[in-house]
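Each chain, letter by letter, is given below.
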Amino acid sequence: MAGVLPFLRSIDFTKNDFHESFPEAVSNMSSLTWLKASKTQLKKVPDAVTKLNKLEDLILSRNDIDELPQQVTEMAGLRSLNMKHNRLKVEGIPYLLFDLEELTTLDFSHNNLDSCPSNIHNAKTLLVLNFANNRIREIAPSFFTQLTYLQYLDLSHNLIEYIPPQIRRLQQLKTLNISYNPLQHDLLRPVSGLTQLESLNIAHTQRGMSNIPSEFDNLVNLVEIDLSYNKLTRIPEPIYRLEKLKRAKFNHNDINELSSLTECWTELVTLNLSDNKLSEIPVAICKLSKLKRLYVNGNKITFEGIPSAIGKLQCLEVLMAARNELTCIPDSLCKCYSLKNMDLSDNKLVALPPSIWDLKNIQTLNTEDNPNLVMPEKPPPEVKGSGAEFYNVDFSLYNQRKAAGLKPPPESKPQKVKDDEKKKRRALLRRKQSGIKTEGDGSKILKGLTEYKEDNESVNVYLTSRNRLATPEDAQEVKTRKWTDALTKPSLDYSEIFPEIVNGTIGQAEGLYMYIIDNFLPRLLDDVVGRFYEADCYIILNTTQKEGLQVLSHDIHFWIGSKAEIDKKACAAIHAVNLRNLLGCDNRTIREEQGDESDEFILYFDGEIEVMEGGSESGFFQVEETVYVKRLFKCHGQNNILLEPVECSVRSLDHRHVFLLDDGLNIMVWHGKHSKLTQQKKATLFAEKINKLERKNEADLVVITRFDPERNGEFFSKLDGYEGGELSIVYEECSPKDKEDNYSVPTPKLYEVHLGVGYLELPQIEITSLRPMVREMLRSQKVYLLDVYTDVFIWVGSHSDRLLRTAAARLGNELLKMIERPATAIVYTDFEGVESALLRSFFSNWDDVLAVDYTRAADKVIAPSATKVNSLSNGEEELKVDLTALFTKREPPFSPEECQEYSEQWNEELEKLNCFVMEGNNRYVPLPVEEQGHFYTENCYIVLCTYLVFITDFTDDLMEQYLAIKKKEGTKNEGAEATDENGEEGDPDEEEVTPVCKVFFWQGRDASKVCWPQFSLSSFKKKIYDTIGRKMPIEDERCYQQQENPKLLSHFRGRFIIHKGKRPSSNTEQNKARLYQVRQNGHILAQRCVEIGCSSLLLNSGFCYILKVPVVKEDDISYILYVWVGSKSSEDLMNSTIDIGREGFDDVDTVSILYEGTNEPDIFWNALGGRKVYDTNADFMNVIRLFRCSNERGYFSVSEKWADFCQDDLQDEDVMILDSGQDVFVWVGEESSDIERKLGLKSAQLYQQHVQDLTGQSRKLSVVRRGKETLKFIKLFHGWGQFRARLKTSS
């Protein structure tokens, strides 16, 4: 195992704890060139590090090291030494360190240096030197004498007062930072001689107008300058002449004006002028066309101080103007359309221009601390739904009509221009000049082009009038069309097979590329070398450019190893052809077999190839017995559960925690008696996840929630240290008295394994609170090591290289032994796609939640790809919706003849009808004959109907009952359940008619919801089935008020009367008038007489009404019945209503027929609360439609209700669309989802457009909510009442 360490070239130990010991295994990494051990609590440089002779880069930052050992000076290959954020002193730096000939980078920042090392000048090869954030007071003149190659120098945040003039020797210097030093008055003149300088930081160095050298304009290459935190009253003129300047900081000075020379900074990108005394922004700034960031916070700028030409700054992205005196901003500023962040806080703003909303790219607009600011009214948003941007659903009328199968409106054809005739004449003239005859139909000429192999010339082929070839002198042989020209390439998705080709990474330029067949798919190799494995197959792509042409040529070979499996051979051939099709090549693929390679193939690898033994495994599934390791975990955490591996022993148990025992196909969760409930639930869920992800739900999951002798005995028997004995004593010994709970969450360290030719690298991926460890960090082409201290995980990408996997396996074992860990630590290997639950728990938000389509019902949530439709232009998938019902025609009502035929048929089949009413205490009372047809909304009724039915009309259930009855009766007639000589059951006579009982359970709108369950469990129903069920088949059907079966309605012959309230116990009713509306919804079979509110507002000339008025004389009550016939009601409705009035109410003394407008008596109007304006038109009955918008199918769909709908069809979980002919109402249920509401509204708008296109009449769109319906909406329903309160359930 240790053999892999000498090949390791780089490793990152950041955030490990080495305060006690450093891994001695590092000394075996003889090839190590890069080592990082930041934040490892080191107090000295480990001896193992100083023994690494090939080490070039050493990073020991953020530790507690106070000196460097002398052995560091013997590391001859050291190039870079980073010791920032330690405790180094000058005495702790070896004298000979600066004599290292290869040393180029030295970082001693953030230490305890009080002076520069005396022999620093010996480091002649230094390029980067950082002494920032120390206590250096003096720079010796010899400091710069020999550092002539230095390019980066940082002396900031020290106590330096004097810069020696010898600094001018640093002619290669590009970055100089001497900020935050108490420099004396005029000491920067030597700096002006550094002509190669690109970045200069002299912030907080007591600079004023008198001590800025006039020679600063010699710094012609300067790109960045920082003069912040000084005492400048204006920007020195030499700085204006720095034409290459891109970043300039002058914040925290006393600058009160800017020169017009500002326009000289043509390359300026960032300008910081915050915290000065500016009252205006000069017009010259508007000429800085490349300016992206402008900071003017903390000045005195007013509205007049912003130039009107500021809109020319089209690249401006950031404008910070807080703490000024702005009352408004100019409208031209809103023309800086690239603005993303603008800060106008703490000003005196009163208003902003309306064009502020034109800044479409704005991400942050801060206007805080402007108490008098009134924001301009935001313009209405653009109408969504014309395309695919509204929930990614195309609501355009054209496309939705097309989706519904309707033909789009014909497009107008453009009129022919007059020049058409001229074109025809010119074409005819050209044909004559070319010698082609234009004769009649008998001399048609076929004109074609053919290509000769000899001279590649195009010739015309002519056929004579007899359809034969002309003589050779007049025509040449026609070239036959190739059969390959008729072939079409299959439409395959190559994005997963060859992602590099699809993305344009390879195949677009000259080069040699090599794929290996791995698990049925080609995997691109990083390095193309002539090394092959005899058990593998490869695909080689050679891309070259044809001489003299801008065309690429592709040669494709596939190499077959002599010991390769059949799956690899087949996949190599198939994917070679797939690669050819993807690249559009015309040439064929070339097969190369081991030992019989072509010369052209060998030349790709400089004339020599090497075949080695071995190869990857076959892609076919091989069954191997899974070996499980028994482990015990202690559960920590409340929100996110964390598992700490502990010794699998009884001694590890603690009643304060929950423990999870993973024993392969036995998973046990043990709850300590003092553990928290949330931890118990989380641990159980984690165990279920282990069972699902890793054990295929085959493991036995046991949860031990309290002291259970049987289960605790089983649990303790699996742990070490249990030798039998009294279980209760062992259980109580798991006490937290003498145990400390000092568990701290380990900091995970994620390493990426790099494999090169002859070396390995183990860099660490940075993980912080702002950049947590997420699944997206893991790439399929790579292999990663995750070190969580208690365990080491190896994550293997599905497209990773075989050698990389092998190296990672060895590195994982070495990493496990390298650092001191608990005895329970092991190495896990997880493959992409089948990761363990334990590995996933260390990543943020790694969960197996499907991408949810929120337009679907909860029980229909599936992966989006299962129901996706055509992809949109923006690459997103359009959600599946079904809006077809909106474009279908209204279902025509049944004709009176059809209704009469159905009614006669159903009543002919009816043999007997009995009615019962459900009273209190679950009693069922027979209904008197005179009350049959009268139903009350607070009661439930049972209607027993006996029908004579042909056996051929039986359902499966009825047939099963019928055969069972016949078998019990013992009949052997043909058609009964007789058996033939073979013992098989005979078929019943198809012409036989037999009685069938149907039980209709009618439930009023205001009746208790438990009536149906009570009936189902009642002795009454049992009695019905016991008595009637012996003689005939029986079935039951539940009917809700105004949603009855038309067959049941037909038995009452139009006299189906629904009263409000509860059935009276006596013939004496309450002393109040009652108004009934007679209405036919769709057809005459759906006719009902329903009691409504007693008000003349509810009258309509298109219907008929019955008013029952009580007349009290002393103690006697009599009733007058008025039948009010609307002037626009149909004749059938009128006759039926009069019949109901005369025959349906037996307790009335007088029946009066009133026709609308024929001087109705005052008693009629008084009973209705006085005469009021009512509707005189019921034309909506001819067009009214009700649509339901729901997700219950698994996607958003619209369906239409039948014309016989009522109030109860408005389902509270959905959104309904109601079309009355003049209005389109969108009714919103309280329990409907937000998606249903939004898509329902868009559907209503779409329907509104569709109807307007068809009829030419517009409809008004209104939204109503449940319980807040308008009178206009209520009148469209028959018998509207109060909604029943919803039942509230508790979990």
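Residues numbered from 1 in each chain as written. Predicted model: local features only at pLDDT ≥ 70, side-chain atom pairs only at ≥ 80, totals over all residues. Heavy atoms only, no water.

1. Observations concerning a negative patch on the surface
Item 1. Taken together, the side chains of Glu897, Glu898, Glu901, Glu904 and Glu908 define an acidic patch exposed on the protein surface.
Item 2. Its place among the elements puts Glu908 in helix α13 (residues 896–909).
Item 3. Among the residues examined, Glu908 registers a relative accessible area of 66% and is labelled exposed. (Patch = residues over 30% accessible without salt bridge, like charges linked within 9 Å, V, L, I, M, F, W, Y side chains within 5 Å. Areas by Shrake-Rupley, 256 points an atom, 1.4 Å probe, with all protein chains shown as cover. Salt bridge = Lys/Arg side-chain N within 4 Å of Asp/Glu carboxyl O. Lys, Arg positive; Asp, Glu negative; His and termini not counted. Charge placed at Lys NZ, Arg CZ, Asp CG, Glu CD. Helix = DSSP H or I, 4+ residues; strand = E, 2+ residues; numbered from the N terminus. Buried < 20%, exposed > 50% of the residue type's maximum accessible area, 1.4 Å probe, protein only.)

2. Some points on helix α9 (residues 709–717)
Item 1. All buried positions along α9 are accounted for by Asn712, Gly713, Phe715 and Phe716. Buried residues of α9, seen end-on, are gathered within an arc of 165 degrees and therefore sit on one face of the element. (Arc of directions from axis to C-beta.)

3. Concerning a nonpolar patch on the surface
Item 1. Together, Phe894, Tyr902 and Trp1202 give the surface a local cluster of nonpolar side chains, amounting to about 290 Å² of exposed area.
Item 2. You can see Tyr902 is positioned in helix α13.

4. Concerning the side chain of Asn1081
Item 1. For Asn1081, the position within the fold is in the loop between β45 (1074–1080) and β46 (1087–1092).
Item 2. Side-chain polar atoms of Asn1081 contact the side chain of Arg1079, separated by 2.9 Å.
Item 3. The contact partners of Asn1081, leaving out residues within four places of it in the chain, are Ala1086, Arg1088, Met1181, Ala1203, Asp1204, Phe1205 and His1278. (Polar contact = N/O pair within 3.5 Å; in protein donor to acceptor, adjacent residues only side chain to side chain. Contact = heavy atoms within 4.5 Å.)

5. Some words on helix α11 (residues 802–818)
Item 1. Taking 1.5 Å per residue, 17 residues should reach 24 Å; α11 reaches 24 Å between its end C-alpha atoms and fits that length.
Item 2. Every buried residue belonging to α11 is among Arg802, Leu804, Ala807, Ala808, Leu811, Gly812, Glu814, Leu815, Leu816 and Met818, and all of these are buried.
Item 3. Two or three places before Leu803, at the opening of α11, Asp801 has a side-chain oxygen 2.9 Å from that residue's backbone nitrogen. (Expected span 1.5 Å × (residues − 1).)

6. Here we look at the layout of surface pockets
Item 1. Each pocket or cavity is described by its volume, and for the second largest pocket that value is around 1,300 Å³.
Item 2. Taken together, 43 residues form the lining of the second largest pocket, with Leu755, Gly756, Asp801, Leu803 and Leu804 sitting closest to its centre.
Item 3. Listed by contribution, the elements that provide at least two residues to the lining of the second largest pocket are α5 (499–502), β19 (511–518), β20 (521–524), β21 (531–533), β31 (749–755) and α11.
Item 4. For the lining of the second largest pocket, the leading source of residues is α11, giving six residues. (1 Å grid on protein atoms, 1.4 Å probe; cavity = no way out; pocket = protein on both sides within 12 Å on 5 of 7 lines; lining within 4 Å. Points joined across faces, edges and corners; volume = space filled by probe spheres on them.)

7. Focus on the confidence of the model for the protein chain
Item 1. In the predicted model, the protein chain carries a mean pLDDT of 82, and 84% of its residues have values of at least 70.
Item 2. Residue range residues 849–877 is modelled with pLDDT below 50. Its contacts to residues more than four positions away, or to other chains, number 39 contacts. (pLDDT = per-residue confidence, 0-100.)

8. Regarding the nonpolar core
Item 1. Formed by 132 residues in total, the largest nonpolar core has its most connected members in Phe13, Phe108 and Phe250.
Item 2. Only β1 (8–12), α1 (47–50), α2 (237–240), β31, β32 (760–762), β34 (783–787), β35 (792–796) and α11 provide two or more residues apiece to this core.
Item 3. Once you skip the residues sitting within four places of it in the chain, Phe13 turns out to touch Phe18, Phe22, Val26, Met29, Leu35, Lys36, Ala37, Ser38, Thr40, Tyr751, Gln764 and Met818.
Item 4. Membership of the second largest hydrophobic core comes to 48 residues, among which are Leu1075, Tyr1105, Leu1107 and Leu1210. (Core = buried A, V, L, I, M, F, W, Y, C linked by side-chain atoms within 4.5 Å.)

9. A short note on the sheet that holds β19
Item 1. Within the open sheet, the five strands sit side by side as β20-β19-β22-β23-β24. Their pairing is mixed. Each end of this open sheet is capped by a strand with a single partner; those strands are β20 and β24 (590–593). Mean inter-strand twist for the sheet, computed between neighbouring axes without regard to direction, equals 30 degrees.
Item 2. Summarising the sheet, strand β22 (residues 537–545) and strand β23 (residues 552–560) pair through nine bridges and their orientation is antiparallel. Following the sheet pairing, Leu541 is matched in β23 by Ile556. (Pairing = 2+ DSSP bridges. Axes fitted to C-alpha atoms, helices over the stretch in contact; angles between N-to-C directions.)

10. Points about unusual backbone geometry
Item 1. At Tyr180, a position not held by glycine, the phi torsion is positive, near 55 degrees.
Item 2. Position of Tyr180 among the secondary structure elements: in the loop between β8 (175–177) and β9 (199–201).
Item 3. Note on Tyr180: relative accessible area 31%, which makes it partly exposed.
Item 4. Non-glycine residue Arg323 carries a positive phi angle of around 55 degrees.
Item 5. By the secondary structure assignment, Arg323 is in the loop between β14 (318–320) and β15 (341–343).

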